[in-house]
Amino acid sequence: MSELTPHYENVQAHYDLSDEFFALFLDESRTYSCAFFENEGYTLARAQRAKVDLALDKCDLTPGMRLLDIGCGWGSTTLRAIDKYGAHVTGLTLSRNQKDHVEGLLAASPNAWGSEVRLQGWEEFDEPVDRIVSIGAFEHFRYDRHKAFFDRCRTILAPHGRMLLQTIVLNERDVIRAKGLKLDREFFAFARFIATEIFPGGELPTPHRVITMAEESGFSVGRIQPLRPHYARTLDCWAAALRERRDDAIRIASEGTYDTYMRYLTGCAELFRDGFIDVMQFSLAVRD
């Protein structure tokens, strides 16, 4: 087992704020990552389901496979993998609130036999699996753990195993320059705000870093699908919903929390729209 200790306190500082608060602006599945507006007329909930299906389809799941869902959140991907694909899923989260919520979903599902959720980090998981999916968790891993993460995934995956990694990325400097953008004082001030007030300890990788680390650990990198405009729209939906429930947000949390989250949601939407950051799905396969 790894001697690395999961960063429970960093994750819980954000995700254990209040399930009731997050429910104010997330869709009913509480999917807290980029949606996929495959059809212009999709609601947020439909677009979130489309994103989950997009990710799971790339895993090439068949009934009875064991799927590891790293950073399972409030369980939308875990439940979809069970219900649509017949997978036996182990979901990992560092959030106590999320674990309790997913346990309730699994208990209510007639198809969830053989599936579970654990309050556990990937650093502590060392069991064989057929497939891995991780949506919106890699951003929480610090640079010094990237290699260990891919090494662990490669070790536990079966021969010919597949992995789908969705993560926000900081675009390469040449890409940013080509868009006529500058990494100026305002950009770094907002980045500090996100790193201290919203996602403590988080670090965004570049696409090149993800590819390099994955390949060094024994993966071949297949399709890389950018979803940048979809995240801008997702954040717009979240901000609009939270704004509409302002009084409830202040009652549940505080006016300061409401203001902080509005700054976070609207500011990140602009970073995606401008092209400073992107979100990408990386299709990875165990290399022979």
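Owing to the predicted nature of the structure, the values given are computational and were not obtained by experimental measurement.

Novice: Can you break down the overall build of the protein residue by residue, with the values?
Specialist: The number of helices and strands found in the protein is twelve helices and seven strands. Taking the principal axes of its C-alpha atoms as reference, the protein extends roughly 45 × 45 × 40 Å. Taking all 288 residues of the protein together, the buried fraction comes to 55%. At a minimum sequence separation of 6, the contacts of the protein that also span at least 24 residues come to 79%. Surface summary for the protein: the accessible area is close to 12700 Å², and the carbon and sulfur share equals 49%. Separation of charge centres in the protein, based on 35 positive and 43 negative side chains, amounts to 3 Å.

Novice: Before we move on, can you summarise unusual backbone geometry with the specific residues and values?
Specialist: You will see that Arg 30, though not glycine, has its phi angle at about 55°, which is positive. Among the structural elements, Arg 30 can be located in the loop between α2 (19-22) and α3 (44-58). With a phi close to 55°, Asp 60 is a non-glycine residue in the positive phi region. Note that Asp 60 resides in the loop between α3 and β1 (66-70).

Novice: Requested: an account of the sheet that holds strand β6 (residues 219-226), with residues and values cited.
Specialist: One open sheet holds the seven strands; their spatial order is β3-β2-β1-β4-β5-β7-β6, and the pairing between them is mixed. In the strand order of this sheet, the two ends are held by β3 (116-119) and β6, each with one partner. Along the sheet, successive strands turn relative to each other by an average axial angle of 20°, direction set aside. Strand direction decides the pairing type here: β6 and strand β7 (residues 277-286), joined by six bridges, are antiparallel. Considered in β7, the bridge of Ile 224 is made with Phe 282. Sheet contacts for helix α4 (residues 76-85): β1, β2 (88-93) and β4 (129-135); angle to β2, the most-contacted strand, approximately 175°.

Novice: Provide a residue-level description of helix α5 (residues 96-108), including the pertinent values.
Specialist: With 13 residues, α5 ought to run about 18 Å at 1.5 Å a step, and its terminal C-alpha atoms sit 19 Å apart, in line with that. Among the residues making up α5, those that are buried are Gln 98, Lys 99, Val 102 and Leu 106. An end-on view of α5 places all buried positions within 100° of arc, on one side of the element. Turned more than 90 degrees away from the buried face of α5, the exposed residues are Asp 100, Ala 107 and Ala 108. Measuring from the backbone nitrogen of Asn 97 back to the side-chain oxygen at the start of α5 gives 3.4 Å, which picks out Ser 95 as the cap.

Novice: Describe α4, and please don't skip the residues or the numbers.
Specialist: With eight of ten residues buried, α4 is to be regarded as a mostly interior element. Among the residues of α4, Ser 76, Thr 77, Thr 78, Leu 79, Arg 80, Ala 81, Ile 82 and Tyr 85 are the ones counted as buried. With its phi angle positive at about 70°, Gly 86 sits one or two positions after the end of α4.

Novice: Now, about the layout of surface pockets: what can you tell me, with residues and values included?
Specialist: In this model, the largest pocket occupies a volume close to 770 Å³. Taken together, 37 residues line the largest pocket, and the ones lying closest to its centre are Ile 168, Ile 194, Gly 202, Glu 203 and Leu 204. At the level of secondary structure, the elements contributing two or more residues to the lining of the largest pocket comprise β5 (157-170), α7 (173-178), α8 (185-198), α10 (228-244), α12 (255-274) and β7. Counting residues per element, the lining of the largest pocket draws most heavily on α8, at seven residues. Partitioning the lining of the largest pocket into residue classes produces 25 nonpolar, seven polar and five charged.

Rules and cut-offs
- For every chain, the first residue of the written sequence is number 1, and numbering continues from 1 onward in sequence order.
- Only residues with pLDDT of at least 70 get local features here, since the model is predicted, and only at 80 or more are side-chain atom pairs given and counted; chain-wide, interface and lining totals rely on the full set of residues.
- To obtain the side-chain values, all non-hydrogen atoms of the structure were included, while hydrogens and water were left out.
- Helix and strand definitions follow DSSP, with helices as H or I runs of at least four residues and strands as E runs of at least two, each counted in order from the N terminus.
- Working definition: with a 1.4 Å probe on protein chains only, accessible area under 20% of the residue-type maximum means buried, over 50% means exposed, and in between means partly exposed.
- Contacts were defined at the residue level, with two residues in contact if any of their heavy atoms lie within 4.5 Å.
- Surface exposure here means Shrake-Rupley accessible area, sampled with a 1.4 Å probe, where a residue is shielded only by the protein chains that are shown.
- Under the counting rule used here, the positive set is Lys and Arg, the negative set is Asp and Glu, and His together with the chain ends is not counted.
- A charged residue contributes its charge at one atom only: NZ of Lys, CZ of Arg, CG of Asp or CD of Glu.
- By definition, two strands form a pair when at least two bridges between them are found by DSSP.
- Comment: axis = line fitted to C-alpha atoms, over the contacting stretch for helices; angle = value between 0 and 180 degrees taken between N-to-C directions.
- Helix span is expected to be 1.5 Å times the residue number reduced by one.
- Arc, as used here, means the arc of the directions from the helix axis to the C-beta atoms.
- In protein, a polar contact requires one atom able to donate a hydrogen and another able to accept it; more generally it is a pair of N or O atoms within 3.5 Å, and residues adjacent in sequence count only if both atoms are side-chain atoms.
- In this analysis, the protein atoms alone were mapped onto a 1 Å grid. Cavities are point sets where a 1.4 Å probe fits without being able to get out; pockets are open sets with protein on both sides within 12 Å along at least five of seven lines; lining residues have an atom within 4 Å of a point.
- Grid points are joined across faces, edges and corners, and a volume is the space filled by probe spheres set on the points.
- In this classification, Asp, Glu, Lys and Arg are treated as charged, Ala, Val, Leu, Ile, Met, Phe, Trp, Tyr, Cys and Pro as nonpolar, and every other residue, Gly included, as polar.

Fair warning: the whole summary comes from geometry, so function is off the table for now.
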